[in-house]
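Tertiary structure, described
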Amino acid sequence: MNPLEVVFDIAFTAYGFMVVIALLAHFFYRPRRTGAKARNVVFVIPTIAKPSVMPALREVLANLVERFPWAPIYVVVDEPADPSIISEIERHARVVEVPTDFPGKPCKGRAIEYFRQRYARPDMWYVILDDDSYPLDDRFLEELPPFDSRYAIANGILVPRPGRSKLAYIIDHVRLWDDLTFFRLSTGLLGRPIFGMHGELLIIRGDVFSEVPFPTDSLVEDFAYSQLLFRRGYRAWQVSTRVSIKS
């Protein structure tokens, strides 16, 4: 047999085995529910607040205000923004502007770390969203474990919605497949973020968020943070809430 064929056979066999295991997780994992909806929840949205992102951000804020009218919403702006844009955002959320002299290059991780240092409280849950993502239901409020458990960080299930590119919309469904299989296996069933975690509906327990710095030097800050918490002995889980992301 051709050596190249052997390599492909091994690769496809290994992938097939992983898919089977991941599908089992899809059917057997269910997040635990407390029976009561938490209210100690804060939404945090890092953004550059440029005109190009405002249509998506308006959609996000409108959805959050409608579904969670009682919850504080913080929009963390990590680059200088036009005052008119800041004023518009302030109609629905509290704006936090990262100073230019704060350490690190402007990025999502830097914005979250600035917010963490100045606003994180140990008695809250922090729900981090991208400026084009929002939860489609509030079921995750019943799936937050007790503060004295080892569970500290969670993700939802990504569901794409159409953007400018039809191709990107089609490709983004791979993320939905991953969340229902591989991520459900690792983050959900095993409680270990083997494949990392995504920054859309990244739920962090307040006492842990207050204690552990957020990475500011990585483009995959959500993955890096999940690995940091795992090394400290914390566990992850997957909530049943689906999160709309714009392709």
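The notes below deal with the structure included here. Starting from 1, residues in each chain are numbered consecutively following that chain's sequence as written. It should be noted that, the model being predicted, local features are given only for residues of pLDDT at least 70 and side-chain atom pairs only at 80 or more, the latter also being counted only at that level, while totals for whole chains, interfaces and linings use all residues. Each side-chain value is derived from all of the structure's non-hydrogen atoms; neither hydrogens nor water enter the calculation.

Description of the nonpolar core
Grouped together as the largest cluster of nonpolar side chains are 37 residues, with contacts concentrated most on Phe43, Ile45, Ile89 and Ile203. Here the element with the most residues in this core is helix H2 (residues 54–67); it accounts for 5 residues. Contact definition: two residues touch when any of their heavy atoms are within 4.5 Å. Not counting chain neighbours up to four residues away, the residues in contact with Ile89 comprise Ala49, Met54, Leu57, Leu61, Val75 and Val95. Among buried residues, the Ala, Val, Leu, Ile, Met, Phe, Trp, Tyr and Cys ones that are joined through side-chain atoms within 4.5 Å form a nonpolar core. Classification of residues uses two cut-offs on accessible area relative to the type maximum, computed with a 1.4 Å probe and protein chains only: under 20% is buried, over 50% is exposed, and between them is partly exposed. Listed in part, the 28 residues of the second largest apolar core include Tyr114, Leu202, Ile204 and Val208. Numbered from the N terminus, helices here are DSSP runs of H or I no shorter than four residues, and strands are runs of E no shorter than two.

Focus: the sheet that holds strand S5 (residues 133–135)
Ordered by their spatial adjacency, 8 strands build an open sheet running S3-S2-S1-S4-S7-S6-S8-S5, and the pairing between neighbours is mixed. Pairing within the sheet leaves two strands with one partner each, and these edge strands are strand S3 (94–97) and S5. Ignoring strand direction, the axes of neighbouring strands in this sheet form an average angle of 30°. Where strand S1 (residues 41–47) lies against strand S4 (residues 125–128), 4 bridges are found, and the strand directions are parallel. Along S4, the bridge assignment pairs Val41 with Trp125. When DSSP locates at least two bridges between a pair of strands, those strands are taken to pair. A fitted line through C-alpha atoms represents every axis, and for helices the fit uses only the stretch in contact; the resulting angles, taken between N-to-C directions, go from 0 to 180 degrees.

Overview of the pattern of salt bridges
When a carboxyl oxygen of Asp or Glu is within 4 Å of a side-chain nitrogen of Lys or Arg, the pair counts as a salt bridge. Under the definition given, this model contains 13 salt bridges. We note a salt bridge from Glu143 to Arg33, for which the minimum N-O separation is 3.1 Å. Here Glu143 is found in the loop between S5 and strand S6 (151–161), whereas its partner Arg33 is found in the loop between helix H1 (3–28) and S1, with 110 residues between them in sequence. Assessed through its relative accessible area of 45%, Arg33 is described here as partly exposed. The closest approach of N and O atoms between Glu211 and Arg232, which form a salt bridge, is 3.6 Å. Placement of the pair is Glu211 in helix H8 (residues 206–211) and Arg232 in the loop between helix H9 (221–231) and strand S8 (235–246), with a sequence separation of 21 residues. One network of salt bridges, with partners in common, ties together Lys108, Asp130 and Glu221.

A word on the packing of aromatic side chains
By convention, a stacked pair of Phe, Tyr or Trp rings (six-membered ring in the case of Trp) has centres within 6.5 Å and planes under 30 degrees apart, an edge-to-face pair has planes over 60 apart, and any other such pair is tilted. Evaluated as defined, the whole model comprises 15 aromatic pairs. Residues Phe68 and Phe140 carry aromatic rings whose centres are separated by 5.9 Å and whose planes lie at 55° to one another, so their mutual orientation is tilted. Residue Phe68 is located in the loop between H2 and strand S2 (73–77), and its partner Phe140 is located in the loop between S5 and S6; the two are separated by 72 residues in the primary sequence. Judged by its relative accessible area of 2%, Phe68 is buried. Judged by its relative accessible area of 0%, Phe140 falls in the buried class. Pairing Phe182 with Phe195 gives two aromatic rings, centres 5.9 Å apart and planes at 70°, and the pair type is edge-to-face. Linking Phe182 in helix H7 (residues 182–190) with Phe195 in the loop between H7 and strand S7 (202–205), this pair joins segments that are 13 residues apart in sequence. With relative accessibility at 35%, the residue Phe195 sits in the partly exposed group. Through successive ring pairs, a cluster of aromatic residues spans Tyr74, Phe115, Tyr119, Tyr126 and Phe209. The side chain of Arg150 reaches across the aromatic face of Tyr234, ending 4.5 Å from its centre. When the NZ atom of lysine or the CZ atom of arginine is within 6 Å of a ring's centre and also within 35 degrees of its normal, the charge is said to sit over that ring. Directly above the ring of Phe147 sits Arg205, whose terminal nitrogen or CZ lies 5.8 Å from the centroid.

Comments concerning a nonpolar patch on the surface
Like-charged residues are merged into a patch within 9 Å and nonpolar side chains (Val, Leu, Ile, Met, Phe, Trp, Tyr) within 5 Å, provided each residue has over 30% relative accessible area and no salt bridge. In these tables, accessible area is a Shrake-Rupley quantity obtained with a 1.4 Å probe, and a residue counts as shielded only by the protein chains included in the view. There is a patch of nonpolar side chains on the surface, built from Leu24, Phe27, Phe28, Leu189, Leu190, Ile194 and Phe195 and spanning about 710 Å² of accessible area. Those elements giving two or more residues to the nonpolar patch turn out to be H1 and H7. With respect to the element layout, Leu189 can be found in helix H7. Overall, the relative accessible area of 43% leaves Leu189 in the partly exposed class.

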